[in-house]
2 protein chains.
Amino acid sequence: MMPKKAILVILDGLGDLPIDGKTPLQRAKKPNIEKLAREGIQGLLSPLGRGRVPGSDTSHLQLLGYSPEKYYSGRGPLEALGAGIEIKEGDIALRANLATADKNRIIDRRAGRISTEEAKKIEKEIEEVIIRDVKVIFKSTAEHRGVVILRGKNLSDKITDSDPHELGEIKKIIPKEKSKEAEKTAAVLNEYSKKVREILEKSKVNIERKKNSLPVANVILLRSAGTYKKIPSFSERFGIRGACIAGGALYKGVAKYIGLDIINVEGATGTKNTNLKAKAEAARKAIKSYDFLFLHVKATDSFSHDGDYEGKTKFIERIDKELIPPLIDENVALIITGDHSTPCIRKEHSGHEVPILIWAKNERSDALKTFDEFSAMKGGLGHIEGKDLMSIILNIIGKEKKYGS
Amino acid sequence: MMPKKAILVILDGLGDLPIDGKTPLQRAKKPNIEKLAREGIQGLLSPLGRGRVPGSDTSHLQLLGYSPEKYYSGRGPLEALGAGIEIKEGDIALRANLATADKNRIIDRRAGRISTEEAKKIEKEIEEVIIRDVKVIFKSTAEHRGVVILRGKNLSDKITDSDPHELGEIKKIIPKEKSKEAEKTAAVLNEYSKKVREILEKSKVNIERKKNSLPVANVILLRSAGTYKKIPSFSERFGIRGACIAGGALYKGVAKYIGLDIINVEGATGTKNTNLKAKAEAARKAIKSYDFLFLHVKATDSFSHDGDYEGKTKFIERIDKELIPPLIDENVALIITGDHSTPCIRKEHSGHEVPILIWAKNERSDALKTFDEFSAMKGGLGHIEGKDLMSIILNIIGKEKKYGS
């Protein structure tokens with residue numbers, strides 16, 4: 001019979017463009033993936049539609065069956081959820097950077113990559129600031145990174161960033177629409193930024209850093225405002241139990257947002273040094289208690305952003321050796337793909353299709369011999385879009401609901 | 001020049017998954033279809049979109065150019081139309097089973113497959129029952145099967161089934177939405193079911209069956225409520241004259257609903273013993289007076305639901321020998337496909353693509369050598385969706401209207 005469970009492996013930014021005639025996926029030695037290719041079926045996946053360049057947040061929502069048009073309201077809440085921060089319906093969440101400013105100019109967007117330990121001390125000093133009738137909460141996540149949450153009445157996420165996204169003037173937050181809510185929220189955050197700066201200029205952490213000639217974390221930069229709302233859960237919508245294994249906060253955040261259980265794995269860091277063996281082992285165990293597992297690996301994308309073709313190639317070889325073999329089980333459908341292409345020659349996300357490989361017992365196969373951007377062009381799945389992926393997976397494990405009778 | 005007419009052959013549940021490496025369509029000897037394959041063009045068809053599992057009703061509507069989102073309102077009215085029952089705009093129609101109950105428990109959902117003759121006698125006893133201001137009409141169709149029609153004011157099809165769809169407690173019909181109409185309809189049908197039971201307990205047919213130790217048809221089980229509405233006809237929408245040849249009531253019902261003429265063929269039963277030669281002969285004649293013919297064959301799906309791989313294979317061989325040759329005519333485009341896959345190993349509809357073969361004079365060809373789920377992966381049509389099929393067919397016969405100028 002058919003497999004009753006599925007593991008969706010998302011290798012972030014997997015798709016690439018050739019350098020000297022080959023992509024990293026083509027160049028990589030990958031005997032285990034090639035065995036799956038010979039028995040499975042391939043295609044090319046456009047997460048948000050042909051040619052569209054996906055963000056990591058929108059793409060993951062779509063691949064997991066949640067149309068971003070309907071369910072996406074900014075990255076802030078997803079980062080907050082992923083960092084394990086308690087967030088309530090109606091809260092506005094923003095990503096925050098502790099940064100170094102000279103007067104109104106940013107001279108270091110990461111405050112010299114301040115340590116997580118120091119950032120935690122700063123968190124204590126600005127943990128909760130009241131502006132007008134709004135409670136503003138700061139939570140540090142890792143190093144200079146954190147999340148700011150606004151809790152109060154008549155707020156809106158239709159506001160701009162204060163983060164200039166590069167060195168330069170700190171921007172005044174302004175409403176993106178003419179509404180009392182957006183005007184109030186922008187004003188509250190501008191007041192908040194001023195108040196926080198007053199506190200941070202006197203912070204013990206900064207006094208210490210000054211002594212050691214380190215850049216001070218004297219301002220907070222805000223970006224990606226979004227309103228948190230509860231949405232129908234994965235199990236409600238698809239009738240199956242799902243879980244997530246990921247290192248990066250965003251991916252855990254997306255998973256939590258849609259109601260997947262988060263399985264924390266020691267050594268799963270979302271970095272190039274992540275422990276792939278530990279993730280695979282955790283996945284192999286988890287799939288015994290779940291119908292569906294979303295397994296995320298970030299480093300393929302990180303190598304691409306660095307333009308590190310060799311590093312990406314070697315990391316794919318590590319995936320083939322360490323991540324894939326423990327996942328092979330004839331009771332489990334295995335889907336390997338990416339959330340978008342990040343070509344090494346571009347160092348940023350692109351709208352090129354991502355190869356997808358589906359391996360499942362008693363399924364159709366196209367008997368291709370390898371798996372990459374080029375073999376996938378000849379695949380039996382043809383071109384598929386992100387909006388259809390969950391139906392395709394649910395159908396394979398016999399869980400897609402019939403429409404009509 | 002191009003062919004001016006088209007025959008769309010729907011082999012119900014045609015698509016399959018391999019057993020011992022091959023699907024029934026792969027295994028079947030089909031020299032006539034293979035001749036068409038060498039001259040025609042193939043692809044993979046997803047009637048309701050990739051991965052989606054279609055019902056027979058929704059799929060046929062979509063393949064014939066009627067989006068189910070817009071035109072589907074439950075199977076009841078389609079079954080009623082297909083059984084040749086007079087139904088008026090605004091009527092609510094439900095599928096009905098004569099069944100055997102012990103107190104409130106169903107012990108035989110088909111009342112021992114009561115004969116059509118006996119059911120017709122029961123029909124006389126409950127032909128028309130008035131509940132409040134609603135006329136409730138029962139029509140027997142074949143054996144235990146029938147249709148119930150509600151005619152009256154302020155009714156709604158937003159109600160649940162009384163049919164438990166398995167052995168067990170008869171369900172109380174309840175409204176699916178908070179509306180006076182749904183509440184009234186549910187209440188009327190619950191009173192109706194009670195009243196019918198009183199009549200049936202005294203039925204002469206049942207007294208006779210009791211004597212012969214046969215299960216009595218003492219209750220009526222209701223399911224698949226839908227409201228009948230008139231919709232724009234096939235000829236209005238597409239500008240061509242169309243007809244239908246089918247055995248099963250549902251398929252005739254869909255055809256009648258969209259305004260195709262029904263051509264009744266003796267021996268076209270919708271069963272495994274259907275007279276394929278008679279259907280082919282009738283089609284060959286009918287296409288002389290019509291532009292488009294929808295020719296439906298049910299048994300491929302029935303074999304799949306029984307998990308009968310061998311039977312399905314042999315039946316496809318019969319189709320190749322008896323159904324296809326008389327349809328080959330260079331003035332007629334021939335389209336062979338299915339309404340969904342029904343893999344024998346699953347015994348139920350699935351969301352796997354269905355192979356489609358189009359053969360028409362002066363058309364493009366991909367020159368593949370055979371026709372099945374695997375050859376179709378390499379087909380020149382690629383992956384197509386049900387919503388596009390009528391345009392593809394109309395284009396081939398030069399009847400698709402130009403958009404723009």
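Rules and cut-offs
- Residues numbered from 1 in each chain as written.
- Chains lettered and ligands numbered in written order.
- Predicted model: local features only at pLDDT ≥ 70, side-chain atom pairs only at ≥ 80, totals over all residues.
- Heavy atoms only, no water.
- Pairing = 2+ DSSP bridges.
- Helix = DSSP H or I, 4+ residues; strand = E, 2+ residues; numbered from the N terminus.
- Axes fitted to C-alpha atoms, helices over the stretch in contact; angles between N-to-C directions.
- Parallel < 35°, antiparallel > 145°, perpendicular 65-115°, else oblique.
- Contact = heavy atoms within 4.5 Å.
- Phe/Tyr/Trp six-rings, centres within 6.5 Å; stacked < 30°, edge-to-face > 60°.
- Buried < 20%, exposed > 50% of the residue type's maximum accessible area, 1.4 Å probe, protein only.
- Lys NZ or Arg CZ within 6 Å of the ring centre and 35° of its normal.
- Arc of directions from axis to C-beta.
- Salt bridge = Lys/Arg side-chain N within 4 Å of Asp/Glu carboxyl O.
- Expected span 1.5 Å × (residues − 1).

Here we look at the sheet that holds strand β11 (residues 242–245) of chain B
Residues and elements named next belong to chain B.
Consideration 1: Taken in spatial order, the eight strands of this open sheet run β12-β11-β13-β1-β14-β15-β2-β16, and their pairing is mixed. Among the strands making up the open sheet, the edge pair consists of β12 (261–262) and β16 (382–385).
Consideration 2: In the sheet, β11 pairs with β12 via two bridges, with the strands oriented parallel. Across the sheet, A243 pairs through a bridge with D261, a residue of β12.

Things to note about the packing of helix α5 (residues 75–82) of chain A against helix α10 (residues 249–257) of chain A
All names here are of chain A.
Consideration 1: Running from amino to carboxyl end, α5 crosses α10 at an angle of 95°, the nearest separation of the two axes being 7 Å. Taken as axis vectors, α5 and α10 run roughly perpendicular relative to one another. Facing R75, L78, E79, L81 and G82 of α5, the residues of α10 in contact are A249, L250, K252, G253, V254, K256 and Y257.

What about the packing of aromatic side chains?
Residue and element names in this part refer to chain B.
Consideration 1: The tally for this structure, following the rule as stated, stands at 13 aromatic pairs over all chains.
Consideration 2: Judged by centre distance (6.4 Å) and plane angle (85°), the rings of Y66 and F238 are edge-to-face. Remark: F238 occurs in helix α9 (residues 234–238) and Y66 occurs in the loop between α3 (56–63) and α4 (68–71); sequence separation between them is 172 residues. As far as burial versus exposure is concerned, Y66 and F238 are alike and both buried.
Consideration 3: Here the aromatic rings of F303 and F315 are separated by 5.7 Å at their centres, their planes lie at 45°, and the arrangement is tilted. In this pair, F303 is assigned in helix α12 (residues 299–305) and F315 in helix α13 (residues 309–323), connecting sequence segments twelve residues apart.
Consideration 4: F303 gets classed as buried once you look at its relative accessible area, which sits at 10%.
Consideration 5: Directly above the aromatic system of F303 lies the positively charged group of K272, at a separation of 4.6 Å from the ring centroid.

Comments concerning helix α6 (residues 116–125) of chain B
All names here are of chain B.
Consideration 1: Inspection of α6 places E118, A119, I122 and E123 among the buried residues, and these make up the whole buried set. One side of α6 holds all its buried residues, which, seen down the axis, span an arc of 150°. Among the exposed residues of α6, those oriented more than 90 degrees off its buried face are E117 and K124.
Consideration 2: Summarising the contacts, the buried residues of α6 are in contact with β4 (92–102), β7 (134–142), α7 (180–201) and α8 (204–211).

Some remarks on the pattern of salt bridges
All names here are of chain A.
Consideration 1: For the coordinates displayed, the defined rule picks out 61 salt bridges over all chains.
Consideration 2: Of the charged contacts, one joins E127 and K139 as a salt bridge, the two residues approaching to 3.4 Å between their closest N and O atoms. Residue E127 is located in the loop between α6 (116–125) and β5 (128–131), and its partner K139 is located in strand β6 (residues 134–140); the two are separated by twelve residues in the primary sequence.
Consideration 3: Overall, the relative accessible area of 26% leaves K139 in the partly exposed class.
Consideration 4: Residues participating in the shared-partner salt-bridge network are D12, K298 and D301.

So, helix α13 (residues 309–323) of chain A
Residues and elements named next belong to chain A.
Consideration 1: Taking 1.5 Å per residue, 15 residues should reach 21 Å; α13 reaches 20 Å between its end C-alpha atoms and fits that length.
Consideration 2: Most of α13 sits inside the fold, with eleven of its 15 residues counted as buried.
Consideration 3: Buried residues of α13: Y309, G311, K312, T313, F315, I316, E317, I319, D320, E322 and L323, and no others.
Consideration 4: Tucked inside the fold, the buried residues of α13 contact β1 (5–11), α1 (24–27), α2 (31–39), α11 (276–286), β12 (292–297) and α12 (299–305).

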